[in-house]
Amino acid sequence: MSNIYIYVLVGIFGAALVLGIVYLFLVAKQREDDDRFYKKITVRGNGKNHLYYFYIFFNRCPGLNKYFKKVLKTVEGIYPADPLSINIKATNMMLKNLITSLGILAAIIFMAGGDVFYIAMGMLASGVLFDHRISASLRKKEFELLRQLQSFLSDVRHYYMQSRRVEDAIAATLDDIPYEISLHIQKVYDIISSPIMEEKVEEYAQSNPNRFFMLLTSICAVIKEHGDVNELESSNFLESVAYLKEEVNTEILKKERIDYKFKMLSSLALWAAFFIKPIEMWCLTNMPDLEEFYTGLYGRSIMVGIFVLSFICYKLVEILKDAKKGDIRRMSIWTQVSNIPVISRNCNRIINRYYTKAMKLNDDMKEVGDHTGPKAFIVQSLTLGIAGFFIINAMFGASIIGEKITMINTFIGNFDSVIVPNTVYLAAMEQVSNDYAKLYKNSKLKDLDEDAMTSDIMANTNVRNEEYARMVAQGVIKQIKAYKNTYYKWWQLLISMFGAVIAAIVPYGMLRFKIKVASVNKEDEVNQFQTLVLILMNTSGIKVDDILEWMDRFSYSFKSSIEICITELEMGEQKALEKMKMSETFQPFKRFCDCLLEIDSVGVKKAFDEIATDRAYSLKNREQQNEMITNDRASKAMWISYTPVMTELVLYLIAPMLLYSIKLFLAMDLSI
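Calculation notes
- Starting afresh in each chain, residues are numbered from 1 along the sequence in its written order.
- Local features in this predicted model are restricted to residues whose pLDDT is 70 or higher, and side-chain atom pairs enter the listing and the counts only when it is 80 or higher, whereas totals over whole chains, interfaces and linings include all residues.
- As a convention, hydrogens and water are excluded, and side-chain values are obtained from all of the structure's heavy atoms.
- By the criteria applied, helices consist of DSSP H or I runs no shorter than four residues and strands consist of E runs no shorter than two, each listed in order from the N terminus.
- Given a helix with a known number of residues, its expected span is that number minus one, times 1.5 Å.
- Remark: exposure states derive from per-residue accessible area (1.4 Å probe, protein chains only) relative to the maximum for the residue type, with buried under 20%, exposed over 50%, and partly exposed in between.
- Think of it as the arc spanned by the lines of direction from the helix axis to the C-beta atoms.
- Whether two aromatic rings pair depends on their centres lying within 6.5 Å, for rings of Phe, Tyr and Trp, where Trp uses its six-membered ring; planes under 30 degrees apart make the pair stacked, over 60 edge-to-face, and the rest tilted.
- Geometrically, a charge over a ring is one whose NZ (Lys) or CZ (Arg) sits within 6 Å of the ring centre while staying within 35 degrees of the ring normal.
- Helix axes are fitted only over the stretch in contact, all axes being lines through C-alpha atoms; the angle between N-to-C directions runs from 0 to 180 degrees.
- Throughout, the term roughly parallel applies to angles under 35 degrees, roughly antiparallel to angles over 145, roughly perpendicular to angles from 65 to 115, and oblique to all others.
- Handedness of a crossing follows from how the near helix is turned relative to the far one, being left-handed for an anticlockwise turn of less than a right angle and right-handed for a clockwise one.
- Should any heavy atoms of two residues lie within 4.5 Å, those residues are counted as being in contact.
- Lys, Arg, Asp and Glu make up the charged group, whereas Ala, Val, Leu, Ile, Met, Phe, Trp, Tyr, Cys and Pro make up the nonpolar group; the residues left over, Gly among them, are polar.
- To form a nonpolar core, buried Ala, Val, Leu, Ile, Met, Phe, Trp, Tyr and Cys residues must be joined to one another through side-chain atoms within 4.5 Å.
- By definition, a salt bridge exists where a carboxyl oxygen of Asp or Glu is found within 4 Å of a side-chain nitrogen of Lys or Arg.
- To count toward a patch, a residue needs a relative accessible area over 30% and no salt bridge; like charges are then connected within 9 Å, while nonpolar side chains (Val, Leu, Ile, Met, Phe, Trp, Tyr) are connected within 5 Å.
- For accessible areas, the Shrake-Rupley method is used with a probe of radius 1.4 Å. Any residue's cover is judged against the shown protein chains and nothing else.
- Lys and Arg are tallied as positive, Asp and Glu as negative. Neither His nor the chain termini are counted.
- Positions of charges follow a simple convention, taking NZ of Lys, CZ of Arg, CG of Asp or CD of Glu.
- One number per residue, pLDDT, summarises how confident the predictor is, and it ranges from 0 to 100.
- Polar contact is defined as a pair of N or O atoms within 3.5 Å, subject to the rule that within protein one atom must be able to donate a hydrogen and the other to accept it, and that residues adjacent in sequence are counted only when both atoms are side-chain atoms.

Participant: Is there a simple way to think about helix α3 (residues 65–78) in this case?
Facilitator: At 3.6 residues per turn, the α-helix brings residues three or four places apart onto the same side. Here α3 spans 20 Å end to end across 14 residues, near enough to the 20 Å set by a 1.5 Å rise per residue. Along α3, the residues that are buried comprise Y67, F68, V71, L72, V75 and I78. One side of α3 holds all its buried residues, which, seen down the axis, span an arc of 145 degrees. Facing away from the buried side of α3, by more than 90 degrees, are the exposed residues K66 and K70.

Below is the structure:
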């Protein structure tokens, strides 16, 4: 290992060690009693907490700042506290996992032994692992919050039976519930206690809260605005809370089943990337002749291929495991690039030429929350294709250069089968081979004469024996011929072009995969609309526009259609609803639209009476469907997660050993 890699390794290890010590010190200093969470923030005299400088680093560091903002937003959704507490939570989480990733990166560099390819891929793998750990931590916190909500709903029912006032029932629970959920419940309390409750509800909906807390807010707001007692003289609030608790229970069972079925599958998809070097080291220790394979073009290509395959499989497993709705994206870097006049004109030409397909693509993108449009998608695909072409060519170029350097500088082991006087003489032959290869590497092949080189070696080096000198000359000429024949070939260009095409269609492939997975999200969204209607249907004064406004606050996959419908209600309610129904192809949503269309003639309660009647069956059916879907996804995820591992074993372990065995067999056959 060269000095530069040793310095890099020591630097990264030192940084991880220092960050680890600082992290432990800060955690110990800021943790109060046995509370795992920050209820009270200790601040310095200048108003900065102890993690302030790490916060500044994460917020300003290129590459980390956008990811940090994403973590901040997610943490805010779980802990809607004051900005300082949110910043500390997010910074603490980032710092803890960054230290772990730096430690793993240091181990990768130590194992790499100066292998630039492996170090580059290892840096990427460490980044993916960093993201995996952050995501796993956030999922765990979200599940804990769901458990706390389950308990809260039982408590608030109890207190409401005593007070019969929503505000009083919620206020009574605040002192008894855990800190994390108390932040959410305090927000709900502030909303329904506000004199401008409707504006506060809309503001809360825009912050993209957890759908169950949004349902709770809708229950409280509707009861506060329209009263509690329904036509059957029963409590709307208690019935609605019961509906909400059924939804929460179903979600908890679903998440528990997913966690059990997908245990270790995401990590397994990444293991192949981290075990490449240990496999290579084991093979080289037992079979040194395999060095030519592992350091050559084929070995490098397989290494990069395994890394790419591992990351793709990891991403697919994560999508299958956690098919939750993300933020609705209306702007991206691809949107900005696509708005450049020259690029925009060319994209418009493509869209106009394939208009029907472009509109179908636009609908598919909206289905998964991507509202950036076809132009941005085209730019993304073309950029990835071009990047793939140049990256593959760069890999080929680096491999060719590496092979040429190895051919000229590495003659160790070439004479192991030759009987020589002693090891010193063997070392001399290897050194002479090295010197003469460098000397003649730029010579034309026709100018390489074995006899002349043999005579020159005997006259000017310590290898005086003609037989040994001829062996050296033969080895040098053979290596120089291989050196001359190592160049960029036509089939490498074809591979680069094929790789560019694959890279260009990756976004479309991922989009189709997300759409297939998102069908469950659509089902959940319609179920959420049904629960919302069960809450609203017995409330006096509820109209179609009220239902649509609440649906818009919960919508994701159908948001575009609902927004258009709300805008066009003034031009005719039935016409707008019919248009919304025809704009979607998902049958459960179309049936829900049929119920909305019937409100004008029979009223809200009768229009949705079937939903209330089939509630028990619907819940049971959803549990069964969730189990079947989870089992199906887990089965697919298992095959996907094992793919990089099996590929690595076959191409990076078994194939080189087979080639080595065939080579030995042929050598033995020739000697006989």
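Participant: Would you take a moment to explain the packing of aromatic side chains for this structure?
Facilitator: To describe a pair of aromatic rings, one takes the distance between the centres and the angle between the planes. A full pass over the atoms with the stated rule returns 17 aromatic pairs. For the pair F558 and F586, a centre-to-centre distance of 6.2 Å together with 35 degrees between the ring planes defines the contact as tilted. Of this pair, F558 sits in the loop between α23 (544–554) and α24 (559–568) while F586 sits in the loop between α25 (573–583) and α26 (587–602), and the two are 28 residues apart along the sequence. Judged by relative accessible area, which is 0%, F558 ranks as buried. Counting every residue linked through ring pairs, the aromatic cluster contains F529, F558, F586, F589, F592 and F608. Of note, K489 hangs over the ring of Y487, and the distance from its end group to the ring centre comes to 4.5 Å. Taking NZ or CZ as reference, R553 lies 4.4 Å from the ring centre of W550, over its face.

Participant: Got a minute to help me understand the packing of helix α20 (residues 450–460) against helix α21 (residues 466–484) in this structure?
Facilitator: Packed helices, taken two at a time, are described by the angle their axes make and the gap between the axes. As a packed pair, α20 and α21 sit with axes 8 Å apart at the nearest point and diverge in direction by 125 degrees. Taken together, the axes of α20 and α21 lie oblique to each other. By crossing handedness, the relation of α20 to α21 is classed as right-handed. Here α20 contributes E450, D451, M453, T454, I457 and M458 to the contact with α21, which in turn contributes E466, A469, R470, V472, A473, Q474, V476 and I477. The class makeup of the residues in the contact of α20 with α21 is eight nonpolar, two polar and four charged.

Participant: Looking at this model, I keep getting lost on the nonpolar core. Mind explaining?
Facilitator: Inside soluble globular proteins, nonpolar side chains tend to come together where they are buried. F237, M551, F589, L596 and F608 are the most contacted members of the largest nonpolar core, which has 101 residues in total. Here the element with the most residues in this core is helix α5 (residues 116–163); it accounts for eleven residues. Of all hydrophobic cores here, the second largest spans 46 residues; its members include I258, A269, I276 and Y652.

Participant: Sorry, what's going on with helix α8 (residues 197–206) here?
Facilitator: Residues of α8 that are buried include every one of M197, V201, Y204 and A205, and no others. One side of α8 carries all its buried residues, which in axial view fall inside an arc of 100 degrees. Exposed positions of α8 whose direction lies more than 90 degrees from the buried face are E203 and Q206. Looking at the buried positions of α8, the neighbouring elements they touch are α7 (179–193), α9 (211–226) and α23.

Participant: Explanation requested: the pattern of salt bridges in the structure shown.
Facilitator: If the charged atoms of two oppositely charged side chains come close together, the side chains can form a pair. This structure, assessed with the given rule, holds 19 salt bridges. A salt bridge links R139 to E318, with the shortest nitrogen-to-oxygen separation between them at 3.3 Å. With R139 in helix α5 and E318 in helix α14 (residues 297–321), this residue pair connects regions lying 179 residues apart in the sequence. The exposure class assigned to R139 is buried, which follows from its relative accessible area of 18%. Put simply, K559 and E563 hold a salt bridge, and the shortest N to O gap is 3.9 Å. Within this pair, K559 and its partner E563 are both found in helix α24, separated by four residues, close to a single helical turn. The exposure class of E563 is partly exposed, given its relative accessible area of 29%. Via salt bridges that share partners, R165, E167, D168 and K224 belong to a single interconnected network.

Participant: Quick question: what am I supposed to make of a negative patch on the surface here?
Facilitator: Taken together, the side chains of E198, E199, E225, D545, E549, E573 and D600 define an acidic patch exposed on the protein surface. Elements represented by at least two residues in the negative patch include exactly α8 and α23. Mapping E573 onto the fold places it in helix α25. You can call E573 partly exposed: its relative accessible area is 31%.

Participant: What is the right way to read the confidence of the model for the chain from this model?
Facilitator: Low pLDDT marks stretches whose predicted atomic positions should not be read closely. This prediction gives the chain a mean pLDDT of 80; 88% of its residues lie at or above 70. In the model, residues 1–6 has pLDDT below 50 throughout and makes nine contacts with residues more than four positions away in sequence or in other chains. Segment residues 30–47: pLDDT under 50, and 32 contacts once partners within four positions in sequence are set aside and those in other chains are kept.

Participant: In this structure, what is going on with the environment of N393? I would like to understand it.
Facilitator: Note that N393 resides in helix α18 (residues 374–409). In this structure, the C-alpha to C-alpha distance between N393 and I495, residues 102 residues apart in sequence, is 9.0 Å.

Participant: How do you make sense of the side chain of K559 when you look at a structure like this?
Facilitator: Here K559 falls in the buried class, since its relative accessible area comes to 15%. A distance of 3.0 Å separates a polar side-chain atom of K559 from the backbone oxygen of D552.

Participant: For this particular structure, what's the right way to read the environment of N521?
Facilitator: Looking at the secondary structure, you find N521 in helix α22 (residues 490–536). The class of N521 is buried, set by a relative accessible area of 12%. Between the C-alpha atom of N521 and that of V368, which follows or precedes it by 153 residues, the distance is 9.3 Å.

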